[in-house]
Each structure stands twice: as structure tokens, then as C-alpha cells.
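Residues per chain, in single letters:
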Amino acid sequence: MRTTFIAICLLTATGIRCGYAQPAQKPEQKKEDKHMSASDSKNAAYSRTDSARVDMPEGEWKKVLSPEVYYVARQKGTERPWTSKFEKFNEVGTYYCAACGNPLFRSDTKFESGCGWPSFYEPISKTSIIYLKDNSVGMERTEVECGRCKSHLGHVFDDGPPPTGLRYCINGVILDFDKARDAQKSYDAKKGD
Ligand SMILES: [Zn+2]
């Protein structure tokens, strides 16, 4: 026994590795450098560049969206206030529809409304959003849906700040955010002039 122990020590000392002591190292796996949003893995409708309308059966939406997104987007649900990571969030970039990738809002139109949901005063374009009358819950409100896939986003109210006076009160779960790296760089460069 003692002889075996000495033999192992000698082998180790000479740099020969014992099989049991050093498990074979796996070749380093290359990480894919790809932006993966929560919703674009299996969702064929998701595109940041295609502006063609999406008309997908509800059963299909249920398959490709997470239960949280499906509840808000397709069942007109409302997330609990103060729960969205985007509620207090000031990064520079663009907010997209989490169901279809349609660009919805720019970060420079976001403001602190104190209502508990991410709030914006203006959508990216007139066609990025659809407006619908909503008389549910005994109130006259205007519902806003994604202009591309008709997913429910939230509501718009007329108590927002200038220049529009509007407050788009949006469920954070239906937003995908992408940081504007290049835009930020050129902005910083200008500031430095
Ligand atoms: Zn959409």
C-alpha cells in the first residue's frame, strides 16, 4: 500500500497526471453571440425588420409566447403595477413588441409617470400602434394594440407631458428592449465636441 502511494506521488511530481485525479477537460464551448429575446426562439412571427401584418391563430400564439406575455398580449391582461423591470429604467434604446418585434417606443419618449407601469408620451410612428375604444371595467378608456400583430399593449390617457400631452401606459411584459449602442456612441461624441 505504502509503495503504491509513493509511486503515485512520484508520478504526480514528474507531471504525469493520474486519470482519476484529473477529469478530462471538455473542449471549451463557443457561446453563440446572438441576441436572444424571450420571445424570438420559436416564434416565426417575430421580426425587427419585417413590417408585414401578422395574423396568427390564437392557438399558435399560445404555443410561441410565454404564459405571462400571452395573458397580456392576447387576453388583454394587465400585469401587476410596479412589477416591470422597465418601470424604473433609463437606458437609451428602442422598445419593441415582445410578441412580434414591431418597434413601438423610443427611450427618449419615456417618462416617470408614477402610475406603476412603463409610460411613454409618443409611439415611434403613427402605424406602430392601433387605438380602440375600451368600455370595460365601467370606464371609457382607449386601448392600445401593436400595429403589426394586434397584441394588447395597454391604454393611452390624456394626462401626459408635452409635447403630446399623452400617457401611453404600457405593460412591461409586452416590451422587448434593445440598447442603442451606435446611437449612444454618436450622441456621446457630439456631446464631447
Ligand atoms: Zn406586435
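On a predicted model such as this, the values are computed, not experimentally measured, just so you know.

Attention now moves to the overall build of the protein. A count of helical and extended segments in the protein gives four helices and nine strands. Going from N to C terminus, the protein has its helices and strands arranged as α-α-α-β-β-β-β-β-β-β-β-β-α. A total of 193 residues make up the protein; the buried ones form 28% of that total. The contacts of the protein with a sequence gap of at least 6 include a subset with a gap of at least 24, amounting to 57%.

To continue, consider the sheet that holds strand β9 (residues 175-179). Strand order in the open sheet made by the three strands is β2-β1-β9, with antiparallel pairing throughout. Looking at which strands have only one partner, the edges of the open sheet turn out to be β2 (103-106) and β9. Recorded for the sheet is a direction-independent mean angle of 30° between the axes of neighbouring strands. In this structure, strand β1 (residues 93-97) lies alongside β2, joined through three bridges in antiparallel fashion. From the neighbouring strand, Y95 faces β2, where its bridge partner is F105.

Following the sequence through the fold, F177 ends up in strand β9. Along the sequence, F177 and E91 sit 86 residues apart, while their C-alpha atoms lie 9.1 Å from each other. Once residues lying within four places of it in the same chain are set aside, the contact partners of F177 are F86, E91, G93 and Y95.

Turning our eyes to something else, we now look at unusual backbone geometry. Residue P163 is reached from P162 by a cis peptide bond, and omega for that bond is 10°. One non-glycine residue, K76, lies in positive phi territory at about 55°. On the secondary structure map, K76 appears in the loop between α3 (67-73) and β1. Its 16 C-beta neighbours within 10 Å are what place K76 among the partly exposed residues. A positive phi angle is found at K150, which is not glycine, with a value near 60°.

Read across the sheet, six strands follow the order β3-β4-β8-β7-β6-β5 without closing on themselves; strand pairing throughout is antiparallel. Strands at the two margins of the open sheet, each flanked by one partner only, are β3 (110-111) and β5 (129-134). Where β3 meets strand β4 (residues 119-120), two bridges bridge the pair, whose relative direction is antiparallel. Within β4, the position partnered with K110 by the bridge is F120.

Let us now look at the confidence of the model for the protein. Of the residues in the protein, 73% reach a pLDDT of 70 or more, and the chain-wide mean stands at 82. Ignoring residues within four places in sequence, the model shows residues 1-40, a span with pLDDT below 50, making 17 contacts including any to other chains.

Rules used in this analysis
Residues numbered from 1 in each chain as written. Predicted model: local features only at pLDDT ≥ 70, side-chain atom pairs only at ≥ 80, totals over all residues. Helix = DSSP H or I, 4+ residues; strand = E, 2+ residues; numbered from the N terminus. Buried ≥ 20, exposed ≤ 12 C-beta atoms within 10 Å, placed from the backbone. Contact = placed C-beta atoms within 7 Å. Pairing = 2+ DSSP bridges. Axes fitted to C-alpha atoms, helices over the stretch in contact; angles between N-to-C directions. pLDDT = per-residue confidence, 0-100.

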